[in-house]
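Fold and geometry: a report
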Amino acid sequence: MASTIQIERSATDWIDVPRTLSKEQVSAFVDNGFHVQPDLVAREEIDELKADTMKLARGEYPCASLQPVAPDLSDADVLARILCIHQPHFVSPVMQQYVRHAKICGLLSQLAAAHLPHWDGSVKCMQSMLFVKPPGFQGQAWHQDEIYIPTRDRSLIGAWIALDDATVKNGCLWVIPGSHRNGYLYPQRPHGNPDEFDASNESFGFDETDAIPVEVKSGAVVFFNGYLLHRSLKNRSNIYRRVLVNHYCNAWSLLPWGVRPGEHVASADRRTIVPVAGTDPYAWKGIEAPPSEVYLRQCKAAQG
Ligand SMILES: O=C(O)CCC(=O)C(=O)O
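Below, the discussion takes up the overall build of the chain. The secondary structure content of the chain amounts to five helices and 15 strands. Whereas a compact globule of 304 residues would reach a radius of gyration of roughly 19 Å, the chain reaches 19 Å, a difference of no more than 12%. The C-alpha extent of the chain, read off along each of the three principal axes, is 55 × 45 × 40 Å. For the chain, buried positions account for 42% of its 304 residues. Summarising the internal contacts of the chain: among those between residues at least 6 apart in sequence, 85% fall at separations of at least 24.

Okay, the site of the ligand next. Close contacts around the ligand come from Phe 131, Gly 139, Gln 140, Asp 145, Gly 158, Trp 160, Leu 173, His 230, Ser 232, Val 243 and Val 245, and that covers them all. At the level of secondary structure, the elements contributing two or more residues to the shell around the ligand comprise strand E5 (157-162), strand E11 (230-232) and strand E12 (243-250). Here the shell around the ligand is built from residues that sort into five nonpolar, five polar and one charged.

Whenever strands of a sheet pair, they do so through backbone hydrogen bonds, lying parallel or antiparallel. Taking strand neighbours across the sheet as the criterion, the three strands line up as E9-E6-E11 in an open arrangement whose pairing is antiparallel. Whereas interior strands pair on both sides, the edge strands pair on one side only; in this sheet they are strand E9 (212-214) and E11. In this sheet, neighbouring strand axes are inclined to one another by 35° on average, regardless of whether the strands run parallel or antiparallel.

Moving on to the environment of Cys 172. By the element assignment, Cys 172 lies in the loop between E5 and strand E6 (173-175). Look at Cys 172 and you get buried, because 23 C-beta atoms sit within 10 Å. Through-space distance from the C-alpha of Cys 172 to that of Arg 242 is 9.9 Å; in sequence the pair is 70 residues apart. When sequence neighbours within four positions are dropped, the list of residues in contact with Cys 172 reads Ala 166, Thr 167, Pro 213, Val 214, Glu 215 and Ser 232.

This brings us to helix H2 (residues 43-57). With 15 residues, H2 ought to run about 21 Å at 1.5 Å a step, and its terminal C-alpha atoms sit 21 Å apart, in line with that. Taken residue by residue, H2 has Leu 49, Asp 52, Thr 53, Leu 56 and Ala 57 as its buried positions. The buried residues of H2 occupy one face: seen down the axis, they fall within an arc of 135°. Exposed and facing more than 90 degrees away from the buried side of H2 are Arg 43, Glu 44, Asp 47, Ala 51 and Met 54. Turning to H2, the residues buried within the fold contact helix H3 (75-79), strand E3 (84-86), helix H4 (93-99), strand E4 (123-131) and E12. Of the residues one or two after H2, Gly 59 is the one with positive phi, at around 75°.

On to the pairing of E4. Of all nine residues making up E4, nine are buried, and the element is well covered by its neighbours. Here three bridges tie E3 to E4, and the two strands are oriented antiparallel to one another. Its bridge partner lying in E4, His 86 is registered against Met 129. Note that E4 and strand E13 (residues 274-277) share three bridges and pair antiparallel.

Thresholds applied
- Residues numbered from 1 in each chain as written.
- Predicted model: local features only at pLDDT ≥ 70, side-chain atom pairs only at ≥ 80, totals over all residues.
- Helix = DSSP H or I, 4+ residues; strand = E, 2+ residues; numbered from the N terminus.
- Rg over C-alpha atoms; globule rule 2.2 N^0.38 Å.
- Buried ≥ 20, exposed ≤ 12 C-beta atoms within 10 Å, placed from the backbone.
- Contact = placed C-beta atoms within 7 Å.
- Near = placed C-beta within 6 Å.
- Nonpolar A, V, L, I, M, F, W, Y, C, P; charged D, E, K, R; others polar.
- Pairing = 2+ DSSP bridges.
- Axes fitted to C-alpha atoms, helices over the stretch in contact; angles between N-to-C directions.
- Expected span 1.5 Å × (residues − 1).
- Arc of directions from axis to C-beta.

If you want it as structure tokens, here you go:
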């Protein structure tokens, strides 16, 4: 059961992070809605993340939805059932460490609310998703993340950490550059293409001729704004496409995500967050302890 605990941090504490992007790179992000940073995560860190993926998948953390598996099962057999583990940082200290990765948080502290003139670089994390996406598994149809996680200032941002090289063949990210600019949320509908995409709805009503694949090497991080239209296709290769994607926003924005019965949307503010840069202006509310639980998205690999 979630409970609210008082945190020790006071509103005046400040988390310092390295800020290495140029003004030009930041303004290109504001224009395009995404930024690719190669080699941001070191080889040993990627190995640590892959090892922790196995630990989670083998049920080695106490967590009801990821029960221990028979020790003689191969890694491939264990991973073969998993499209995505939602909120792995709720149960794994290693995943939580990567939510706070200093270099990643340094870039977030320049990018998340770069469109706001007086932003001080403060950032908080509210979500992690660990995609395994084995061969034959489906992708996610066009969508905008702010449909699911609303901020009050359009500052939602994904940090998509490639654990494997991501290519068109194994189902890399695709984006429509500039599609975030107006702050318009496109309508959604069922996509009717279960061979290509998982069960989530697709956004529609836009021109996708300018869509581009974002092929990256392992260790790269793709940062993308929560209004940017993006998708991924089915994994048509014989390797995994593992990605840890963490979501963050400006720490000064309330987070009316999963508004509870009786809550008013204007004051709702989910506090199962991790402050990662700058200050937490709402520290006086405390931080809500998350459940020791993840949500497992198992999507049957499509045939063929
Ligand atoms: O990596 C993918 O396949 C999709 C990721 C995605 O849609 C997201 O992080 O919002």
